[in-house]
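So you can see what is in the structure, the chains are spelled out below.
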Amino acid sequence: MTNADSIDLLSRLAYNGNLPHALLFAGLDAENKQDIALKFSKWLLHPNQSNEGPEDSKFSEFYSKECACDSCFQVSYGTHPDFLLLDNFSVQIDEIRSLKSKFSTSALLSDRKIAIVNSAEAMTNQAANSFLKLLEEPRGNVLLILIAPFRSRVLPTIASRTLEIRFSSNSPSASGGRKENIPVKHIEAVRVLQAGMLCDKFALVKKYNLENKPALIEVIDIWLIKLRDKFIKDQNKNNINFIKKILAVKKSIATTNANPQLLLEGAFLEQGSQAR
């Protein structure tokens, strides 16, 4: 499914009155998914939308242009009373409590309330359990949009209560011109992690820290797919052991304040010793 197909699906779901109370935007390009989620929120909250559902204008048409109305401006700057964006990499329990409080009251400027939850796969356990209760007992006309790289990364009890909408970046690969689902900004990083020399890998991870670790998580997710494909092809036990190591490293990066550079450098050294 292309992004155009996904955008058209969102438009039809809303227009036909079949929009569920929770969507899961899955795909590797986080910025692309958030941009679509924000535009979809603006469209649904737009003052021209009727109480029965969106007007005849399609979301695909709205998405391709910029709207400068007060409602869209408020969504962009996080001041719309019926909209909330949870943009921290690891969503905490206090943020979910604030979300539940906001959703406990009636909409003020539109006929619904909308929240976008970035990095849904990285919720703390407390936050995930609290969010699950919100999914199980939604009050009124609400829409929750979760953003994650893969459905399998989200807590199953949460993912099962959402409708998955898949998005792709359709970025050209570094070789052969074949289309791959790798955002252009990550192609070089993935290439280095796959086939670069140890010194190149060390130089690469120096670019990442606690401030930009969401981008690093995206890169690691893509790298894990490549490692999995290599294991399926080679059936090398060392590959599966290394995959388990990188999964553990990713979890530490996502849930703690451990230094990403040190964690990955340790994994690279371990990989080198296994290859000997």
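These figures come from a predicted structure and were not determined experimentally. (Residues numbered from 1 in each chain as written. Predicted model: local features only at pLDDT ≥ 70, side-chain atom pairs only at ≥ 80, totals over all residues. Heavy atoms only, no water.)

**Side note on the side chain of aspartate 82**
Inspection of the secondary structure puts aspartate 82 in the loop between α4 (70-76) and β2 (83-86). In terms of polar contacts, aspartate 82 uses its side chain to reach the backbone amide nitrogen of serine 110, at 3.1 Å. In contact with aspartate 82, other than residues within four places in its own chain, are Leu45, Lys102, Ala107, Leu108, Leu109, Ser110, Arg112, Lys113 and Ile114. (Helix = DSSP H or I, 4+ residues; strand = E, 2+ residues; numbered from the N terminus. Polar contact = N/O pair within 3.5 Å; in protein donor to acceptor, adjacent residues only side chain to side chain. Contact = heavy atoms within 4.5 Å.)

**Examining the packing of helix α10 (residues 213-234) against helix α11 (residues 237-255)**
Geometrically, a packed helix pair is captured by the angle between its two axes and the distance between the axes. Packing of α10 against α11 leaves a shortest axis separation of 10 Å and a crossing angle of 165 degrees. With respect to each other, α10 and α11 are oriented roughly antiparallel. For the pair α10 and α11, the crossing hand works out as left-handed. Along the contact surface, α10 presents Lys213, Leu216, Ile217, Ile220, Asp221, Trp223, Leu224, Leu227, Arg228, Lys230, Phe231 and Asp234, while α11 presents Asn239, Ile240, Phe242, Ile243, Ile246, Leu247, Lys250, Ile253 and Ala254. (Axes fitted to C-alpha atoms, helices over the stretch in contact; angles between N-to-C directions. Parallel < 35°, antiparallel > 145°, perpendicular 65-115°, else oblique. Left-handed = near helix turned anticlockwise from the far one by under 90°.)

**Section: the packing of helix α5 (residues 93-103) against helix α6 (residues 125-136)**
Remark: α5 packs on α6, axes separated minimally by 8 Å, with the N-to-C direction vectors making an angle of 15 degrees. In terms of axis orientation, α5 runs roughly parallel to α6. In the crossing of α5 with α6, the sense of the turn from one axis to the other is left-handed. Every residue of α6 that contacts α5 at Ile93, Ile96, Leu99 and Lys100 is listed here: Gln126, Ala127, Ser130, Phe131, Lys133 and Leu134. Of the residues in the contact of α5 with α6, the class split is 6 nonpolar, 2 polar and 2 charged. (Nonpolar A, V, L, I, M, F, W, Y, C, P; charged D, E, K, R; others polar.)

**Concerning unusual backbone geometry**
For serine 119, which is not a glycine, the phi torsion comes out positive at approximately 50 degrees. Judged by its relative accessible area of 16%, serine 119 falls in the buried class. (Buried < 20%, exposed > 50% of the residue type's maximum accessible area, 1.4 Å probe, protein only.)

**Remarks on the nonpolar core**
If you look at the biggest cluster of nonpolar residues, it comprises 28 residues, and the most contacted ones within it are Leu10, Phe25 and Phe40. Elements that contribute at least two residues to this core include exactly α1 (3-15), β1 (22-26), α2 (30-45), α3 (59-63), α4, β3 (113-117) and β4 (142-148). Among the elements that line this core, the one with the most residues is α2, at 7 residues. Grouped together as the second largest cluster of nonpolar side chains are 27 residues, Ile217, Val219, Phe242 and Leu264 included. (Core = buried A, V, L, I, M, F, W, Y, C linked by side-chain atoms within 4.5 Å.)

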